[in-house]
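# Architecture and fold: a report
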There are 4 protein chains.
Amino acid sequence: MPERLNVAVAGYAFMGRIHTAGWAQAAKFFGTPARVTHVIGRNRANTQAFADAFGIPNVLTDWRDAVADPDIHVVDVCTPGDSHVDIAIGALEAGKHVLSEKPLANSVEGAERMVVAAEAAKARGVRSMVGFSYRRTPALAYARQLVQEGRIGDIRHIRALYLQDWIADPEFPLVWRLDKDAAGSGALGDVGAHIIDLAGFLTGHRLTGLTGLTETFVKTRPKLAEQTGGLTAKGSEERGEVTVDDAAVWVARTDRGALATFEATRFAVGRKNAMRIELNGSKGSLAFDFERMNELEFFDFTQPATENGFRRILVTEPEHPYVGAWWPAGHGLGYEHTFTHEVKDFVDAIVAGTDPEPSFAEGLAVQKVLQAVESSKGDWVTL
Amino acid sequence: MPERLNVAVAGYAFMGRIHTAGWAQAAKFFGTPARVTHVIGRNRANTQAFADAFGIPNVLTDWRDAVADPDIHVVDVCTPGDSHVDIAIGALEAGKHVLSEKPLANSVEGAERMVVAAEAAKARGVRSMVGFSYRRTPALAYARQLVQEGRIGDIRHIRALYLQDWIADPEFPLVWRLDKDAAGSGALGDVGAHIIDLAGFLTGHRLTGLTGLTETFVKTRPKLAEQTGGLTAKGSEERGEVTVDDAAVWVARTDRGALATFEATRFAVGRKNAMRIELNGSKGSLAFDFERMNELEFFDFTQPATENGFRRILVTEPEHPYVGAWWPAGHGLGYEHTFTHEVKDFVDAIVAGTDPEPSFAEGLAVQKVLQAVESSKGDWVTL
Amino acid sequence: MPERLNVAVAGYAFMGRIHTAGWAQAAKFFGTPARVTHVIGRNRANTQAFADAFGIPNVLTDWRDAVADPDIHVVDVCTPGDSHVDIAIGALEAGKHVLSEKPLANSVEGAERMVVAAEAAKARGVRSMVGFSYRRTPALAYARQLVQEGRIGDIRHIRALYLQDWIADPEFPLVWRLDKDAAGSGALGDVGAHIIDLAGFLTGHRLTGLTGLTETFVKTRPKLAEQTGGLTAKGSEERGEVTVDDAAVWVARTDRGALATFEATRFAVGRKNAMRIELNGSKGSLAFDFERMNELEFFDFTQPATENGFRRILVTEPEHPYVGAWWPAGHGLGYEHTFTHEVKDFVDAIVAGTDPEPSFAEGLAVQKVLQAVESSKGDWVTL
Amino acid sequence: MPERLNVAVAGYAFMGRIHTAGWAQAAKFFGTPARVTHVIGRNRANTQAFADAFGIPNVLTDWRDAVADPDIHVVDVCTPGDSHVDIAIGALEAGKHVLSEKPLANSVEGAERMVVAAEAAKARGVRSMVGFSYRRTPALAYARQLVQEGRIGDIRHIRALYLQDWIADPEFPLVWRLDKDAAGSGALGDVGAHIIDLAGFLTGHRLTGLTGLTETFVKTRPKLAEQTGGLTAKGSEERGEVTVDDAAVWVARTDRGALATFEATRFAVGRKNAMRIELNGSKGSLAFDFERMNELEFFDFTQPATENGFRRILVTEPEHPYVGAWWPAGHGLGYEHTFTHEVKDFVDAIVAGTDPEPSFAEGLAVQKVLQAVESSKGDWVTL
């Protein structure tokens, strides 16, 4: 084990940027023994500009060069989903620990190959993890702790929604996330994947079957004139077909007898990043909304009814997960902190010689649920 | 048309009580020309006690006596669902206007017979209405108005939940609402019926098909030792089987291309009467929770993004539906006001010679959705 | 004691109307042995119309006739403040129990005379009460109970605001409430009186001194063309002087060492009836906003910090004050219920032969605080 | 002007840590041409450990060495208030740009000397700024913009509270912040200073006079056994006197006719960092609570009453101040971002050759208000 891990980040867009910042913050606030030494991007000039801004000493234009470099210990895959399989498997086979952004792959078959590679690498002490970063939100990590302590009791209802509205305007152009080849699926895979993962993370339940629907409300959109970034792109006059879902809704049963409802959409006008989870159990309930990410609502059913109610916990106390490294109570954290916590946990596991979570196998399980939702069309699919 | 309608209320429990108070309040605050002259109950002593407290001059122990009495103009059916068919049809055939509590009947077949009777009576100028009182919540009546004015645009998502927790304790006894013969179904018919009706009322959309699940989490409960009222009953040591659902979840498509999700449960610990509706359209969104019944959240997507957000409208301005008859802005109304508004609207229609809404036919349509949910078991049911 | 008390209500505007409805509801829902038999108003036609709508058998045009009528047991004074002294003293001296709307009088001197009359009447078993109806909000009655049980501990902070906006438009006309002769003071006496009373009711603390400011933001307004009711009046082109305060702010000390801050205003644009109270003690905190009158927020400082937070109690459980007579949990009450509870409590005390609260003496104490605020002009006033 | 400014941070506790991280983030996300090259601390070992963790190349144990070093361009003063005067004046005289944490000084006299030094330095192109970092909260910067655009109209009410509870336990020990010599004052200077500054920043109004009270609820506390950090210190058995206020409340008039109320306390049990500001104007209102720092509530009084209400703006759109450099809409920022924005703005001004705000003179003005509150004792103090 080197004194400090050298990390190569593949990709420098939204995810690459936030991961890179996360590695630096983890070193400062958690003493995480790692640093980003390389960034990988196909456009050298743009990649170099990013490296300069973020203080990264080396630039590569081909991920194969990173895989071949013995001084690199970790590859952090922040590229779009269609390249995950090759980079991750290549890196694992070369003995690099791999953190892969979600979704694991754009297909179940690709994800299965990644799991095989991860298992093989694990036998050689090489670690892998899929980046469901929301698990590292302090409020959600604390919610899981309450569930594990039995504070919610037997869970009867899981209610998980991920509501956004960034393509509600029918003139928003045909960006890569609306193209099935590049993105795999639409709202389903992009944000639905998160709530599938979190439902399992929080409750420990596994979905045994589901039935649901997907819909594409806006069938054609202006073709992209100029790609200026996922959320602010400009369109041309020519229109092309949207090949992914705009929204997906499904209901499911779990292996421990709960009913679960899910909804993933980019057409919930006014909801910007409303990832909402509510659990109702025999002893209590929990409710969370990422738009208020520093809060967790908890109802303790064992308290006297007259004085009972959902309590709004500010998850900013030093005893809360991850919070002790940051600021005094009431001084909230932001979205990017989930990535700082993610890389910290990843390196902690590497150093301890344990398996970081969520594993590639967990990423594959999410992929299978996504596939089941796509294929259901209103009929029951057993998982 | 008599100067003032004489009303016979059948039943004096929860619904009979709130209807009776509603008739008196409607006369005072809206000048509604009607008064409760008779109450009908099988136990004479209890019925008389109720009549004394609520100032009702006459007591009857058999609804047939009301139907036969030429001085009675209106029969208001507040008994459990298994008696609705007989009373309503008997009253309609005798030329009485009928207001029937929901659900219209415990079976589709019974509801269909009521619709036939209502159509026949209508030809003779006799009016009928089913009591989906939540339509008369000012915030929801105003929400419908915004939809009808096009402020929400084309609706893409309907999200309707009715969350309660009053039987979450497995030792809560086997009251009549947990018995299929008396109640028809469980959470589905009791509270699910409301959100089905409201989804249609608010949007004008009709469900074309659905898929869903029901579940009974607690299979047996203490038999009833002493019926002390639906929510505070005491149980004995012997247990009996729960024959209705504890919860139901389903997703649907509408005739105008929206996705709809529904959930009805009595196991959402901490949620007391959380009837929540959210609509997302192409021009805006609306959100409502009956636990805050004087508020409506409205997002107007046509406003500039920087200064936009869900606005919390206090639906207490004099211009809001029904509110002008009551108090100044900010001085909220309560649950019972929906019944005052309901009987006001019913009498307004009788006086005007128009058909009050919702009709028995609308009640039947809800019943058919309930049946579809029960039969789906995770597969698609076309409506 | 008669089997049922006959009540004469003086006034039939906003307060007269809501009191009259409250008396009827109290009889129905609490079995309160009283009924409104007379209404008193100067304009016979209007008074008769009100009596017809609300089912009151007798109409009087002079309060002296009510005082002289031996069949009347209670006089309920709902007229503007400038007539309280005469009516209340007249009625008390004639042996009628008196419920007087707040403020007790328009001057400390008038209030003092009422207290003398009340004390003298009390010796003869004649009861009196001032109508601070907000005390009968279930959430506030429950808040007081929590304080009395020691759940908040030693109170350090009292924060009481009453925010409205109904005259924020400078073209709103010069209604009687903006005239010092008729109304005594502006926001201070109208709504400030409520938060002074509630601060004492909830905490048991007494203000020992204060310092504060008042302000009239809009100095002249259109003279009243036509009085169509307090909140919807129309103005003429001629302007007249506003002779009362638009807002008042003050800070105070209490006899038990707390700091208290108060604000009463009709210029808090967007706040319709935001009567907000927060208490911070050594063991807990309470927060309330009348715009959400069915909710109370409670922070229990004795709970572990990690799982602690303000809990939103829906004060709709059957064990909560007054609520058992009404509807199931989660089915909220409205503004007018506070008046139903008020007359119920008043009659309960008469029947029990005890002194109803708040007494005229308490009403006088509030009046003295109002006077102190008016005279402070930023300097300390000892109470 | 060097290509990149070298910054020496004085202090490495709470403020030193967050400033240091802020400098690094500003470089990455805003391209701010500056980096922390030196950290100054009296204990060399601790200072070195901090430097290692945060990647700072040089450690100094005496601020005079920084002042003397020609390679240092900026001194960032993050030490306790009693050392600000000497360090800031020393640095300014040596030609270093100075960012000083608030409060500017522990006394008006000290602050006045700093202003003199800043004015003299300014003549030589040397810049200075006081660190009221909350101004750089996007929601508050946007609130100011709305005020400046006239969206709130003439402001009538300013309501500013800063509520915390971290010393509510009487056994919390006597840390330096409770010692007048070290801290200057208690809640008043620590958190009250922020709301004084923000009231002026947001509205442009100046306080012309005030009246208020301060209180020390807990007079003695356990002496400090071991200083383990401000909020988690352990106490010994011996008790010492608390020499600062626990809370302060005051009301004021402004130069443009508004009434302002202020409260600063560390005894609002359950409130962790509730810095709350509400403005009510003739055209609208704004409300903010730092516990939900990504939200701003806005009421636009020019909209029709029926559809009006406070709208909850998520201040996370790319067009909002500072936000474009960060994440997509709905992905919130945290407390520390205010410091990143602060140093960015400071350097922008240095580069542009303009005066950064807030100036030392503004810091002095806040100091004078603090002094007035302390001296008022319930009587009027003209400012």
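See the structure above.
My aim in this report is to walk through the structure given alongside it, one point at a time. As the structure is a prediction and not an experimental result, all values here were calculated from the model.

Once chain D is rotated about the relating axis by 180° and shifted along it by 0.0 Å, it coincides with chain A to within an RMSD of 0.0 Å. The two molecules are tied by a two-fold rotation axis, judged by turn and shift. Distance from the rotation axis, computed per C-alpha, reaches its smallest value in chain D at Gly-334 of chain D: 2.1 Å. The residues that chain D uses at the interface reappear at the interface of chain A in 97% of cases, marking a shared surface.

Glancing now at the relation of the copies chain B and chain A. Between the two copies, chain B and chain A, the superposition gives an RMSD of 0.0 Å; the rotation angle is 180° and the shift along the axis is 0.0 Å. When the interface residues of chain B are mapped onto chain A, 100% of them again fall at the interface, so both copies present the same face.

Tallying the contact residues gives 37 residues for chain D and 36 residues for chain A. Summed over both sides, the interface of chain D with chain A buries roughly 3300 Å², with 56% coming from carbon and sulfur. Summed over the shared surface of chain D and chain A, the number is 6 salt bridges. Here Glu-291 of chain D and Arg-312 of chain A are joined by a salt bridge, their closest N and O atoms 3.4 Å apart. Viewed at the interface, chain A and chain D are joined by 16 residue pairs in polar contact (both at pLDDT 80 or more). Elements represented by at least two residues in the side of chain D that touches chain A include exactly helix 1 (14-30), helix 2 (44-54) and strand 16 (310-314) of chain D. The greatest single-element share of the side of chain D that touches chain A, amounting to 9 residues, is contributed by helix 1 of chain D. Taken together, the residues that form the side of chain D that touches chain A break down as 19 nonpolar, 8 polar and 10 charged.

Its location among the elements puts Thr-340 of chain C in helix 9 (residues 337-352). Not counting residues up to four positions away in its chain, the partners in contact with Thr-340 of chain C are Gly-22, Gln-25, Ala-26, Phe-30 and Trp-326 of chain C.

Note on interface size: it is often stated as the accessible area lost on association of the parts. Facing 45 residues of chain B, the contacting portion of chain A comprises 45 residues. Carbon and sulfur atoms make up 60% of the area that chain B and chain A hide from each other, which totals about 3600 Å². Where chain B meets chain A, there are 6 salt bridges. Measuring nitrogen to oxygen at the nearest pair gives 2.8 Å for the salt bridge that ties Glu-263 of chain B to Arg-159 of chain A. For the interface between chain B and chain A, the tally reads 21 residue pairs in polar contact (both at pLDDT 80 or more). Elements with a minimum of two residues in the side of chain B that touches chain A: strand 7 (155-163), strand 8 (207-215), strand 11 (247-254), strand 12 (259-265), strand 13 (274-281) and strand 14 (284-289) of chain B. Take the side of chain B that touches chain A: its biggest share by element is 6 residues, from strand 11 of chain B. Each residue belonging to the side of chain B that touches chain A can be placed in one class, and the counts come to 20 nonpolar, 13 polar and 12 charged.

Here we take up helix 6 (residues 138-148) of chain D. Where burial is concerned, most of helix 6 of chain D is hidden: 8 out of the 11 residues are buried. For helix 6 of chain D, the full list of buried residues reads Pro-138, Ala-139, Leu-140, Ala-141, Tyr-142, Ala-143, Leu-146 and Val-147 of chain D.

Residue and element names in this part refer to chain B. With respect to topology, 6 strands assemble into an open sheet ordered 3-2-1-4-5-6, the strand pairing being parallel. Where the open sheet ends on each side, the last strands, each with one partner, are strand 3 (58-60) and strand 6 (128-131). In this sheet, adjacent strand axes meet at a mean angle of 25° when their direction is disregarded. As paired strands, strand 5 (residues 97-101) and strand 6 are joined by 4 bridges and run parallel to one another. Bridge assignment links Leu-99 to a residue of strand 6, and that residue is Met-129. The sheet strands contacting helix 4 (residues 84-93) are strand 4 (74-77), strand 5 and strand 6, and the helix crosses strand 5 at an angle near 165°. Taken strand by strand, helix 9 (residues 337-352) contacts strand 1 (5-10), strand 2 (34-40), strand 4, strand 5 and strand 6, and its axis lies near 155° from that of strand 5.

The next subject is unusual backbone geometry. With omega at -10°, the peptide bond leading from Lys-102 of chain B into Pro-103 of chain B counts as cis. By the element assignment, Pro-103 of chain B lies in the loop between strand 5 and helix 5 (108-123). In this structure, the amide linkage connecting Glu-357 of chain B to the following residue, Pro-358 of chain B, adopts the cis form with an omega of 0°. Tracing the backbone through its elements, the reader meets Pro-358 of chain B in the loop between helix 9 and helix 10 (360-376). At Tyr-322 of chain A, a position not held by glycine, the phi torsion is positive, near 75°. Note that Tyr-322 of chain A resides in the loop between strand 16 (310-314) and helix 9 (337-352).

Take the pattern of salt bridges next. Enumeration according to the criterion identifies 112 salt bridges over all chains in this entry. Arg-292 of chain D serves as the salt-bridge partner of Glu-295 of chain A, at 2.7 Å between the closest nitrogen and oxygen. In this pair, Glu-295 of chain A sits in strand 15 (residues 295-300) while Arg-292 of chain D sits in the loop between strand 14 (284-289) and strand 15 (295-300), so the two residues belong to two different chains. By relative accessible area, Arg-292 of chain D is classed as partly exposed at 26%. The partner of Glu-238 of chain B in a salt bridge is Lys-223 of chain B, with the nearest N and O atoms 3.3 Å apart. Of this pair, Glu-238 of chain B sits in strand 10 (residues 234-241) while Lys-223 of chain B sits in strand 9 (residues 220-226), and the two are 15 residues apart along the sequence. One continuous salt-bridge network, built from bridges that share partners, spans Lys-102, Arg-177, Asp-190 and Arg-266 of chain A.

The rules behind the values
Residues numbered from 1 in each chain as written. Chains lettered and ligands numbered in written order. Predicted model: local features only at pLDDT ≥ 70, side-chain atom pairs only at ≥ 80, totals over all residues. Heavy atoms only, no water. Least-squares fit on C-alpha atoms with pLDDT ≥ 70 in both. Contact = heavy atoms within 4.5 Å. Buried area = accessible area lost by both parts, 1.4 Å probe. Salt bridge = Lys/Arg side-chain N within 4 Å of Asp/Glu carboxyl O. Polar contact = N/O pair within 3.5 Å; in protein donor to acceptor, adjacent residues only side chain to side chain. Helix = DSSP H or I, 4+ residues; strand = E, 2+ residues; numbered from the N terminus. Nonpolar A, V, L, I, M, F, W, Y, C, P; charged D, E, K, R; others polar. Buried < 20%, exposed > 50% of the residue type's maximum accessible area, 1.4 Å probe, protein only. Pairing = 2+ DSSP bridges. Axes fitted to C-alpha atoms, helices over the stretch in contact; angles between N-to-C directions.

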